[in-house]
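Inside the fold
One letter stands for each residue in the lines below.
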Amino acid sequence: FDALPADKNGNYCGVLLLKKEDPMAQPNSNPKELRQLFDEYLPQFSFLLDDETIRQIAEKPPSYLPAFRYAGPRLHQGPRTVILGDCAHT
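About the cut-offs
Residues numbered from 1 in each chain as written. Predicted model: local features only at pLDDT ≥ 70, side-chain atom pairs only at ≥ 80, totals over all residues. Heavy atoms only, no water. Axes fitted to C-alpha atoms, helices over the stretch in contact; angles between N-to-C directions. Helix = DSSP H or I, 4+ residues; strand = E, 2+ residues; numbered from the N terminus. Parallel < 35°, antiparallel > 145°, perpendicular 65-115°, else oblique. Contact = heavy atoms within 4.5 Å. Nonpolar A, V, L, I, M, F, W, Y, C, P; charged D, E, K, R; others polar. Salt bridge = Lys/Arg side-chain N within 4 Å of Asp/Glu carboxyl O. Buried < 20%, exposed > 50% of the residue type's maximum accessible area, 1.4 Å probe, protein only.

Bringing the packing of helix H1 (residues 31-41) against helix H3 (residues 51-59) into the picture now. For the pair H1 and H3, the least separation of the axes is 9 Å and the interaxial angle reads 110°. Considering the angle they form, H1 stands roughly perpendicular to H3. Between H1 and H3, the residues in contact are Pro31, Leu34, Arg35 and Phe38 and Asp51, Ile54, Arg55, Ile57 and Ala58, respectively. Looking at the contact of H1 with H3 residue by residue, the class counts come to 6 nonpolar, no polar and 3 charged.

Right, here's the structure in full:
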């Protein structure tokens, strides 16, 4: 789960990353099961989501991330420098 700034008012956009075959990544998944997933694994965020929001998330089809390519052939320079984050891929 990632919370990204959405606007200048302090609102955030939540991004829940699931494997493609995960039952919760399917459209029209069960809102009660999604709530259980949040309660068990993300309790610090679960209370922020009302039942209507959980229902909307459960019903929506998944979005997919683009494929990334590494900026290799290596991700380090000597023993002290490591390339991390967005600079490590295209």
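According to the stated counting rule, one finds 3 salt bridges in the structure shown. Glutamate 59 is paired through a salt bridge with arginine 55; the nearest N and O atoms lie 2.7 Å apart. Linking glutamate 59 with arginine 55, this pair stays in helix H3, spanning 4 residues, or about one helical turn. Taking the relative accessible area as the measure of exposure, glutamate 59 reaches 38% and is therefore partly exposed.

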